[in-house]
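Spelled out, the chains give:
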Amino acid sequence: MKHLFSFLTLIFCSILYSQELKDFIIPKDYEKILETKGDLDKDGKDEIVMVFNSDKIINKTSEGLERKIYILKNINGKLKIWQENSNLLFNSKEGFYPSDNELKLSIKNNCLVIFQSYFSNSRHTVTSKNTFRFQNGDFYLIGALVKFDDTCEFNFSSEINFSTGKVIVDDQYSDCDNGSNRKVPENYYKEFTHKLPKLIKMNDYKMGKNEIKIPNSKKSFNF
């Protein structure tokens, strides 16, 4: 009887949960560009993550479209919207060479990893990798990697694990050997611990708007 009661309770809770989530219907004029699957809440069932180019132009100069990400649950054969976000991704024509931009999604260790890269000009590449984990009833940012690379002069990398607070800053410089008398700066490497008062929720996260100051230095970086 006890097992039967637990089973019925589970079914009842599942029905209530499915009723709370909205059905997923692809909006008109949206174009799907990516999809991946994996278990994000450790229930043994795969969630589905899709990325779409929307119909909303957010860069009038390049006519770059807003990109939207949906995290979906399959409940009784129907796709339900578990999470949706339009702040995590660069627009469809970000940067100098939009056709060479990269966008990758993966689910590893029950975490959603979003990798993006674009050319900010003809020489510079901007790369970001953000990792989100579902815990305490929401998705939280638990890791961030930011890279800024020149074709030959420098490679800057800053990475933080928000679960442990460990930060690694690695700025490497090199000589382009182009005949100039440019003095090559010294490489800079530092590890330190930085604990946020609280983790950042996925829907509260704004790319590049969060600053971490490097101790005993005038340097800082944004993620």
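A short tour of the structure in this document, coming up.

Calculation criteria
- Residues numbered from 1 in each chain as written.
- Predicted model: local features only at pLDDT ≥ 70, side-chain atom pairs only at ≥ 80, totals over all residues.
- Heavy atoms only, no water.
- Helix = DSSP H or I, 4+ residues; strand = E, 2+ residues; numbered from the N terminus.
- Buried < 20%, exposed > 50% of the residue type's maximum accessible area, 1.4 Å probe, protein only.
- Contact = heavy atoms within 4.5 Å.
- Areas by Shrake-Rupley, 256 points an atom, 1.4 Å probe, with all protein chains shown as cover.
- Lys, Arg positive; Asp, Glu negative; His and termini not counted.
- Charge placed at Lys NZ, Arg CZ, Asp CG, Glu CD.
- Core = buried A, V, L, I, M, F, W, Y, C linked by side-chain atoms within 4.5 Å.
- Salt bridge = Lys/Arg side-chain N within 4 Å of Asp/Glu carboxyl O.
- Phe/Tyr/Trp six-rings, centres within 6.5 Å; stacked < 30°, edge-to-face > 60°.
- Lys NZ or Arg CZ within 6 Å of the ring centre and 35° of its normal.
- Disulfide = S-S within 2.5 Å.

This next bit is on the overall build of the protein. The helix and strand inventory of the protein stands at 1 helix and 15 strands. For the protein, the residues scored as buried account for 39% of the 223 residues in total. Taking the intrachain contacts of the protein between residues at least 6 apart in sequence as the baseline, contacts between residues at least 24 apart amount to 43%. Accessible surface, the protein: about 13,700 Å² in total, of which carbon and sulfur atoms supply 50%. Averaged over its 33 positive side-chain charges, the protein has a centre that lies 5 Å from the centre of its 30 negative ones.

Turning our attention to the nonpolar core. In terms of nonpolar packing, the biggest core is built from 34 residues, with Ile 69, Leu 112, Ile 114 and Phe 223 touching the most fellow members. When contributions to this core are tallied by element, the ones reaching two or more residues are strand E3 (47–59), strand E4 (64–75), strand E6 (102–108), strand E7 (111–119), strand E8 (125–135), strand E9 (138–149), strand E11 (166–173) and strand E12 (188–193). Discounting chain neighbours no more than four positions away, the residues touching Ile 114 are Ile 69, Leu 88, Leu 89, Leu 103, Lys 104, Leu 105, Ser 128, Lys 129, Asn 130 and Phe 132.

This brings us to the pattern of salt bridges. A side chain with one charge may pair with a side chain of the opposite charge, provided their charged atoms come close. Scanning all chains against the criterion turns up 16 salt bridges. For Lys 213, the salt bridge identified is with Glu 211, shortest N-O distance 3.8 Å. Given the relative accessible area of 59%, Lys 213 is considered exposed. Residue Glu 211 is classed as partly exposed on the basis of its relative accessible area, which comes to 44%. Three or more residues are tied together by salt bridges with common partners; here these are Asp 41, Asp 43, Glu 47 and Lys 73.

Mapped onto the elements, Leu 88 comes out in the loop between strand E5 (78–85) and E6. Residue classification places Leu 88 among the buried residues on the basis of a relative accessible area of 2%. For Leu 88 and Ile 114, which are 26 residues apart along the polypeptide, the C-alpha to C-alpha distance reads 8.5 Å. Among residues more than four places away in sequence, those in contact with Leu 88 are Ile 69, Ile 114, Gln 116, Phe 132, Met 202, Tyr 205 and Met 207.

With that settled, the discussion passes to the packing of aromatic side chains. Summed over the entire model, instances satisfying the criterion amount to 16 aromatic pairs. For the ring pair Phe 96 and Tyr 97, a centre distance of 4.9 Å and an interplane angle of 80 degrees mean the geometry is edge-to-face. Stacked on the ring of Trp 82, the Lys or Arg Lys 73 has its end atom at 4.5 Å from the ring centre. Above the plane of the ring of Tyr 188 lies Lys 219, whose end atom (NZ or CZ) is 4.9 Å from the centre.

This part takes up the state of the cysteines. According to the stated counting rule, one finds 1 disulfide in the structure shown. Shown here is the disulfide that connects Cys 152 with Cys 176, its sulfur atoms set 1.8 Å apart. Taking the torsion about the sulfur-sulfur bond, which here is approximately 95 degrees, the covalent link between Cys 152 and Cys 176 counts as right-handed. With Cys 152 in the loop between E9 and strand E10 (154–161) and Cys 176 in the loop between E11 and E12, this pair connects stretches of sequence that are 24 residues apart. Of the residues examined, Cys 152 reaches a relative accessible area of 26% and is grouped as partly exposed.

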